[in-house]
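As a plain string of letters, each chain reads:
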Amino acid sequence: MTGLDALLHEERAFPPAADVAARAHVDAARLEALVAEAEADPEAFWAARAREELVWDREPTEVLDDADAPFYRWFSDGALNASVQCLDRHLPERADQVAIAWEAEDGAVRRLTYGDLHEQVCRFAGVLRGRGVARGDRVVLYLPMVPEVVVAMLACARLGAPHSVVFAGFSAQSLADRIQDTGARLVVTADGGYRNGKVVPLKQSVDEALASCPDVADVVVLRRTGEDVPMAEGRDAWWHDLESDPGLAPVTDAESMGAEDPLFVLYTSGSTGKPKGIVHGTAGYMLWARLSTRWVFDLQDDDVYWCTADVGWVTGHTYLTYGPLANGATVVMYEGGPTYPQPDRFWDVVEKHKVTVLYTAPTAIRALMRAGDDWPARHDLSSLRILGTVGEPINPEAWMWYHRVIGGGRCPIVDTWWQTETGGILLSPLPGATTLRPGSCGPALPGLAPAVVDEQGRPVQGDEGGYLVFTRPWPSMLRGVWGDTERYRQTYWGLFDGRFYVAGDTARRDAAGDHWILGRFDDVLNVSGHRIGTMEVESALVSHPAVAEAAVVGAPHEVKGEAIHAFVVLRGEATEADLRAHVAKEIGKTARPEAIVFAEALPKTRSGKIMRRILRAVARGEEITQDTSTLEDPAVVEALRAAPVA
Ligand code: PRX
């Protein structure tokens, strides 16, 4: 197992400060008690939490149903609605409390109270119902970072219609793939969105995508930029027209959904060319969204909580929308680019909104660190009390900078490990309970059962590296892959005959019980905290008429964590710019290769398998130590080394 060497020798440790622990929901003693309770009887533990945390229409009598493992079911005879957990349960007490403080890229601020949010969600649910959306129907949301995306998500939840949010940075082609795969009939979008001072033409992408999605009969368009966009007669309607219709019937009574009914489908990259639709259920997901948010961020009533993730990713689902709102928190939402108009935008937002809890990604931290300490120094960051990070391993240097320069040395950092599939955070320090070690994502949260195992599925010795697995199911786990039951079984339970959930990461666990993530063991890259399958980029490249063959590998990158390097064999004329534009069109800009090497041939074994390890070494500028004698044509390697990197 190769890992980040620096992480293996990290000895700095930060025990919880007494004042943080004194105030925290969970201090060390409470954490110990919760873990003991969960280990003594996991089902009883989860049953108690489900009763305490959720507002049920019908309380469940079932806890875990494993009759059809690995298709686990939780609380399956219970009934509830996810939007009620986020809205109705807080009313009337929090009617005038700000639910969302939204900062536009141009600095304008809009505040929605819990009362406002409830009203808008009920109205928009009425709009959707008026367009024929009923429980079980899928709705695709392709929206910028504006409060309406949260309104739309909760409105879908209110009707029991699973939403599938497509990141606004994805291309028309990616959008079309997702619309087709979910079988959605209705799409909600905007005329456009703002990003780094430019307009992202969302409606245009929807129009392009719908050329290949004949089943979409309705498009609801939010006006954001005010730019002229064509509206298809009979198909497209403006959000504001529909919502202000005097005949509109707001949906005040939320649909009572089964605990296991799907709440959303969110696509993520895997090791094949096609992204998979990860399905999450209602009760288990909402339980953990609420509880993990409160525990990990130690959310208190006077907190101003800011998660910088886009709603197009799972972090934007669980920790921008469902988790904080289920706790009745005040959530800051920011529309635009982190360095727009200058590299102090984050610090400006923190100061302006008096943010107390900040949750962001290592890639953003590294980029802001590189911009220099002068930028944060211009701002009063004294409101901050807890910092979080997610999405990829954070290098100790960036961790220390975040701690010292942003947190003023006083804010605990929670390095949270989880995945689209896990629904919520599974490994993380707790601010008032855990000793922090830069680069480690801490211990398991109560109720979770991680293990680090070898190829045979045996626990590794000491703190050796191995496969990160979970030995018990948990309530917020994925409920499957949309439309592909076998893929769920294969991908997540296949490696050890159904005994463990396999995360796809390698990790080590130290003597203190803290986890250190070493990386992925499948063909998935993590570029700026975004998962991108190498096969996905390869299939995009070979779909260009001038490309005969392509292979994609990852190489370390100072800011992005990992960067995409592509090796391409041409059969026609194409430049690097052509291919980068083509990948942006096929997938989205995030998937554009950092570097492209044009080669005469790719290194292959005699059986025709591409030797990626060699390509990885070339991409990293490393010596090729492995045996190249099994190559069909060893001269290829020399040619690759000499090839100019575009
Ligand atoms: O490799 C792990 C990495 O991100 C993967 C999950 O990606 P995604 O489903 O897009 O979700 C990202 C946000 C939850 C994991 O398999 N990862 C996530 N968090 C961490 C991490 N790697 C190291 N440390 C983390 N804190």
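It should be emphasised that the depicted structure is a prediction, and the values quoted were computed from it without experimental measurement. (Residues numbered from 1 in each chain as written. Predicted model: local features only at pLDDT ≥ 70, side-chain atom pairs only at ≥ 80, totals over all residues. Heavy atoms only, no water.)

The next thing to look at is helix α19 (residues 576–586). Since one α-helical turn is 3.6 residues long, residues separated by three or four positions face the same way. Within α19, burial applies to Leu579, His582, Val583, Ala584 and Glu586. Buried residues in α19 make contact with α8 (172–182), α18 (534–542), β28 (547–557), β29 (561–570) and β30 (595–598). Once α19 finishes, Gly588 follows within two positions and takes phi at roughly 155°, a positive value. (Buried < 20%, exposed > 50% of the residue type's maximum accessible area, 1.4 Å probe, protein only. Helix = DSSP H or I, 4+ residues; strand = E, 2+ residues; numbered from the N terminus. Contact = heavy atoms within 4.5 Å.)

Not every one of the 17 residues close to the ligand is listed here, only the nearest: Asp415, Thr416, Thr420, Arg520 and Arg531. Within the contact set of the ligand, a nitrogen atom lies 3.1 Å away from a backbone nitrogen or oxygen of Gly391. Here Thr420 contributes a side-chain N or O atom positioned 2.6 Å from an oxygen atom of the ligand. With the chains in place, 95% of the 540 Å² that the ligand exposes on its own is no longer accessible. Elements with a minimum of two residues in the shell around the ligand: α12 (314–326), β20 (413–416) and β25 (515–520). (Near = heavy atom within 4 Å. Polar contact = N/O pair within 3.5 Å; in protein donor to acceptor, adjacent residues only side chain to side chain. Areas by Shrake-Rupley, 256 points an atom, 1.4 Å probe, with all protein chains shown as cover.)

Another aspect to go through is the domain arrangement of the protein chain. Segmentation of the protein chain into domains returns domain 1 (114–255) and domain 2 (524–642). The centre of domain 1, based on its C-alpha atoms, is set 37 Å off from the matching centre of domain 2. Listed as interface residues are five residues of domain 1 and, on the opposing side, six residues of domain 2. Between domain 1 and domain 2, roughly 430 Å² of surface is buried when both sides are summed, and carbon and sulfur atoms account for 46% of that area. Its largest share of buried area at the contact with domain 2, domain 1 owes to Phe170, Ser171 and Gln173, together 57% of the area lost on that side. Between the two partners, domain 1 and domain 2, sit zero salt bridges. Connecting domain 1 to domain 2 are five residue pairs in polar contact (both at pLDDT 80 or more). Here the side of domain 1 that touches domain 2 is built from residues that sort into one nonpolar, four polar and no charged. (Domains from an automatic or database assignment. Buried area = accessible area lost by both parts, 1.4 Å probe. Salt bridge = Lys/Arg side-chain N within 4 Å of Asp/Glu carboxyl O. Nonpolar A, V, L, I, M, F, W, Y, C, P; charged D, E, K, R; others polar.)

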